[in-house]
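Residue strings, one per chain:
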Amino acid sequence: AKPGLPRHFLDIDRFEPETLRGLIDLGKAYKAGRGPDRPLVGKILAMVFEKPSTRTRVSFEAGMKQLGGDVVALTRADTQLGRGETIADTARVLSRFVNAIMIRTDSPAKLDDLARYATVPVINGLTDDSHPCQVMADVMTYEEHRGTLAGKVVAWVGDGNNVAASWIHASAQFGCTLRVAAPAPLMPSAKAVAWARQRGGRVDLMTDPAVAVEGADLVVTDTWLSMGCRDESRASLLAPYQVNDALMARAAADALFMHCLPAHRGEEVTDSVMDGPRSVVWDEAENRMHVQKAILTWCLS
Ligand code: CP
Ligand code: NVA
């Protein structure tokens, strides 16, 4: 962030790797009970939800309260956003009441507008294009179980969606190889791929999940139908991308499995993988709170 400008947390591609490293390390410190003691006393976070949420809402609220602060949660329906007040005007007003704003919305342009017109830090709690807080938690979770991601092979299997785009950003920032296996019409953001490759990242796109998972250190998937997507015909395109025991058997012997949740058991992942010994999905969910406490502390200091 430039001097005088709020410290936004908008996307993983907008940082120097050292800043992201510091956030993960602070998240680990909070988890271990070694973080700063209640550094956000008196601070208030507004959370704007234009899409549903369980984890993002509760992890930000619990995290903010543990840091000594408080939250106000807003949904589109119960604010003037639902009646057409612009994001820019909402940003200006919320900035007069609260110390930071987290938003979950559809269009990334709304996130950018909020960041442009807010005079307080803005945090991306998911857009149609990315989900950076999730992937920060995923990186923290991998490191906790297996050490550094650098040099490792991560296989993204299924829809090339918002979480996949944040993984593409993370692969360049944290130095892992990312293999994406997706049906041709559902390949991930070309912009994210181009950015990562330009930064020296290794992103390989393919359509065969078996090739992507071969020897991989981490297998990641997500829902076939992201929030706001109503194209039910995707299920037939994505059926060959289910993460099941047969697919996991191709990965490295100590490979982990991740899913940002909510999972659609029996679709993108089987019960046997979700509940199996390689699954770290509950740690991923928990680590949302720890790493977001680090992000909140960074944004507000
Ligand atoms: N993973 C995640 O962001 O979950 P929610 O939609 O429940 O917030
Ligand atoms: N890709 C999913 C992630 C949910 C946390 C969605 O956008 O709905």
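- Under an unreviewed UniProt entry, the name given to the protein is Ornithine carbamoyltransferase, and the organism recorded is Phaeospirillum tilakii.
- Listed under Sequence similarities (unreviewed entry) in UniProt, the entry text for the protein is "Belongs to the aspartate/ornithine carbamoyltransferase superfamily. OTCase family."
- Of the protein, the UniProt comment under Catalytic activity (unreviewed entry) reads exactly: "carbamoyl phosphate + L-ornithine = L-citrulline + phosphate + H(+)".

## Remarks on the site of ligand 2
Inference 1: Every residue near ligand 2 is listed here: Leu 126, His 131, Asn 161, Asn 162, Val 163, Asp 222, Thr 223, Ser 226, Met 227 and Cys 260.
Inference 2: The residue makeup of the shell around ligand 2, split by class, is four nonpolar, five polar and one charged.

## Some remarks on the nonpolar core
Inference 1: Of all hydrophobic cores here, the largest spans 88 residues; its most connected members are Ile 101, Val 154, Ala 155, Trp 167, Ala 216 and Val 219.
Inference 2: For this core, the leading source of residues is helix α6 (residues 162-174), giving eight residues.
Inference 3: In terms of domain composition, this core takes at least three residues from each of domain 1 (12-130 + 288-299) and domain 2 (134-284).
Inference 4: The contacts of Ile 101, once residues within four sequence positions are left out, are Ala 46, Val 48, Leu 94, Leu 114, Ala 118, Val 120 and Val 122.

## Topic: helix α4 (residues 108-117)
Inference 1: For α4, the complete set of buried residues consists of Lys 110, Leu 111, Leu 114 and Ala 115. Buried residues of α4, viewed axially, fall in a sector of 135 degrees; they line one side. Exposed positions of α4 whose direction lies more than 90 degrees from the buried face are Ala 109 and Arg 116.
Inference 2: Buried residues along α4 sit in contact with α3 (87-97), β3 (100-104) and β4 (122-124).

Here is what the cut-offs are and how they apply
Residues numbered from 1 in each chain as written. Chains lettered and ligands numbered in written order. Predicted model: local features only at pLDDT ≥ 70, side-chain atom pairs only at ≥ 80, totals over all residues. UniProt positions renumbered as here; feature names shortened; annotations may be inferred. Near = placed C-beta within 6 Å. Nonpolar A, V, L, I, M, F, W, Y, C, P; charged D, E, K, R; others polar. Core = buried A, V, L, I, M, F, W, Y, C linked by C-beta atoms within 7 Å. Buried ≥ 20, exposed ≤ 12 C-beta atoms within 10 Å, placed from the backbone. Helix = DSSP H or I, 4+ residues; strand = E, 2+ residues; numbered from the N terminus. Domains from an automatic or database assignment. Contact = placed C-beta atoms within 7 Å. Arc of directions from axis to C-beta.

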